[in-house]
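Listed below, chain by chain, are the residues.
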Amino acid sequence: MTKSLWAPWRLEYVTQADEQPGCVFCVEGAGALEAEQSLLVRDGAEALALLNKYPYSSGHVMVAPKRHVGDISALTTAEVLEIHALAVAAIEVLGRLYEPGGFNLGWNLGRAAGAGIADHVHLHVVPRWSGDTNFMPVLADVKVVPEHLLVTRDRVREAWPTE
C-alpha cells in the first residue's frame, strides 16, 4: 500500500504565488511584507533578511535589497555590501544554532532559473547537512523540515548579532 505525506502549504504557494499583491521583500508601498513580516530576522539600512516561507531546509534565509529591483546589475554598492554582510551574518548565526555541514548560497535570476520572485533579486542562504538530500525530494517531491518556521525565526532573531 502506498503511503502519502501531505504538504498542504505547497499548494498555497503553487496556486497563489503569481497572484500575491505587492512584494514580500518590499518595505514600502503595497505589500510591505504583509504576512512575511513575521519572518523578518534582520532589517538593515539597505537590505533585509527573512526566513523563506517555503524553505528547502530549516533556517533557509533570503537576503534582499529593500529597494524593488529585478536586475542584479542595478544594485548599488551599498546594497551589494549590505546583502553580503547579512548573508555572512546568517551563515554565522545558522552555523551556531544548527551546526550544518555546509551552506548553499545562490541567486535564482529569472523565472527559468527557478526564481519564485523574479522581479526582486534576492540571495538564498541554505544550511545543508550530510545526507539531507534523501529519497523524499527525489521520489515524492517533498521536503521534510524538522522545525516549525516560527520556532526557527525566534531562534535566529535571538542569535543575530547586534550592531
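Okay, so let's go over this structure. (Residues numbered from 1 in each chain as written. Predicted model: local features only at pLDDT ≥ 70, side-chain atom pairs only at ≥ 80, totals over all residues. Heavy atoms only, no water.)

Digging into the environment of Ser-130
Okay, so step 1: Summarising the element assignment, Ser-130 is placed in the loop between β5 (123-128) and α3 (135-140).
Okay, so step 2: Taking the C-alpha atoms as reference points, Ser-130 and Pro-100, separated by 30 residues in sequence, lie 8.2 Å from one another. (Helix = DSSP H or I, 4+ residues; strand = E, 2+ residues; numbered from the N terminus.)

Observations concerning empty space enclosed by the protein
Okay, so step 1: Applying the stated criterion across every chain, the model contains one cavity of 30 Å³ or more.
Okay, so step 2: In terms of lining residues, the largest cavity is bounded by Gly-70, Asn-108, Leu-109, Gly-110, Ala-115, Ile-117, Ala-118, His-120, Val-121 and His-122.
Okay, so step 3: Residues of the lining of the largest cavity, tallied by class, amount to five nonpolar, five polar and no charged. (1 Å grid on protein atoms, 1.4 Å probe; cavity = no way out; pocket = protein on both sides within 12 Å on 5 of 7 lines; lining within 4 Å. Points joined across faces, edges and corners; volume = space filled by probe spheres on them. Nonpolar A, V, L, I, M, F, W, Y, C, P; charged D, E, K, R; others polar.)

Re the environment of Lys-53
Okay, so step 1: As for its position among the elements, Lys-53 is in the loop between β2 (47-51) and β3 (61-65).
Okay, so step 2: Between the C-alpha atoms of Lys-53 and Leu-149, which are 96 residues apart in sequence, the distance is 7.5 Å.

A closer look at helix α2 (residues 77-98)
Okay, so step 1: Spanning 22 residues, α2 covers 31 Å between terminal C-alpha atoms, matching the ideal 32 Å at 1.5 Å per step.
Okay, so step 2: The set of residues buried in α2 consists of Glu-79, Glu-82, Ile-83, Leu-86, Ala-87, Ala-89, Ala-90, Val-93, Leu-94 and Tyr-98.
Okay, so step 3: Taken together, the buried residues of α2 touch β1 (40-43), β2, β3, β4 (102-107), β5 and α4 (149-159).
Okay, so step 4: Remark: Glu-99 follows α2 within two positions and exhibits a positive phi of approximately 50°. (Expected span 1.5 Å × (residues − 1). Buried < 20%, exposed > 50% of the residue type's maximum accessible area, 1.4 Å probe, protein only. Contact = heavy atoms within 4.5 Å.)

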